[in-house]
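# Observations on chain architecture
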Amino acid sequence: MADSQGRADVVLLTVDGVQVGHVHRSVLDRVAEIAGRLGCRDAVALACPPVTFDSSRVPRLRRDLEQVIAYAEAARQTGWVLGDLAVAPGDQAVPVMDTAQGRIWAHPVRGFELHGEAGVCRVTELAEMPGTPQRTPLARLIAPLADAAARARVLEIGDGKHERAVRLG
């Protein structure tokens, strides 16, 4: 899934039918990975968007996200931020954005990299995004998802075409 700005693997967050934000797919993957280790079944479903949490499942998702955030903080897990790009690569780099110069990837150790015709080079700034790349706590990257779950009766996570979403509940 790419958005209108060329960002790859962007997943939309919809609360009670209103789009409220987005997260990178890698954030959902990391949440699901941690949730699986902790036995948080509802949050594991985030690994396969699109997914919808109805009013009976949203409270369990909230509890799962609280546990995942606590684990991420205790383990000092991190991701990367550049402007409004917020990604959480696991063991391997993940695609982030297509530009005229090539594709931007986020590497778990090296941060943002441009893969283009000239090879691979580290990204220190992008004209499309203000700021410089920074390592950031994973809990901060999960926060938009947790905030959406905190105010939702129905939470849809996906590409905005929820008619094919897996309904849980």
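Refer to the structure presented above.
Residue positions are given per chain, counting from 1 as you read along its sequence in written order. Confidence filtering applies because this is a predicted model: local features only for residues at pLDDT of at least 70, side-chain atom pairs given and counted only at 80 or more, and all residues used for totals across whole chains, interfaces and linings. Water and hydrogen atoms play no part in the side-chain values, which are based on all heavy atoms of the structure.

Another point: the pattern of salt bridges. By salt bridge we mean one thing: a side-chain nitrogen of Lys or Arg within 4 Å of a carboxyl oxygen of Asp or Glu. Applying the stated rule across the entire model yields seven salt bridges. Of the charged contacts in the structure, one is a salt bridge between Arg37 and Glu33, with a shortest N-O distance of 2.3 Å. Placement of both Arg37 and Glu33 in helix 1 (residues 25-38) is noted, with a separation of four residues, approximately one turn of the helix. When a residue's accessible area, from a 1.4 Å probe over protein chains only, is under 20% of the maximum for its type it is buried; when over 50% it is exposed; and in between it is partly exposed. In this structure Arg37 comes out as partly exposed when scored by relative accessible area, which is 49%. Where helices and strands are cited, they refer to DSSP runs of H or I of at least four residues and of E of at least two residues respectively, numbered from the N terminus.

The subject of this paragraph is the nonpolar core. Here, nonpolar core refers to any group of buried Ala, Val, Leu, Ile, Met, Phe, Trp, Tyr and Cys residues whose side-chain atoms link them within 4.5 Å. Of all hydrophobic cores here, the largest spans 33 residues; its most connected members are Leu46, Leu65, Leu155 and Ile157. If you list the elements that add at least two residues to this core, you get strand 1 (10-15), helix 1, strand 3 (51-53), helix 3 (58-74), helix 4 (138-151) and strand 11 (155-158). Among the elements that take part in this core, helix 4 stands out by supplying eight residues, more than any other. Contact between two residues is taken to exist if any of their heavy atoms lie within 4.5 Å; hydrogens are not considered. Once residues lying within four places of it in the same chain are set aside, the contact partners of Leu65 are Val31, Leu46, Ile142, Leu145, Ala146 and Ala149.

So, about the pairing of strand 6 (residues 94-99). Counted residue by residue, strand 6 has five buried out of six residues, so it is predominantly covered. A pair of strands is labelled paired if DSSP reports no fewer than 2 bridges between them. Relative to strand 7 (residues 102-107), strand 6 runs antiparallel, the two being bridged by five bridges. Bridge pairing in strand 7 links Pro95 to Trp105. Linking strand 6 to strand 7, which pair antiparallel, is a turn of two residues.

A few words on the sheet that holds strand 9 (residues 119-122). One open sheet accounts for four strands, arranged 6-7-8-9; its pairing is antiparallel. Every interior strand has two partners, whereas the edge strands, strand 6 and strand 9, have only one. Put simply, the sheet's adjacent strands are angled 30° from each other on average, direction ignored. The pairing of strand 7 with strand 8 (residues 111-116) spans six bridges and is antiparallel. By the bridge assignment, Trp105 is partnered in strand 8 with Glu113. Inter-axis angles, ranging from 0 to 180 degrees, are taken between N-to-C directions of lines fitted to C-alpha atoms, where helices are fitted over the stretch in contact.

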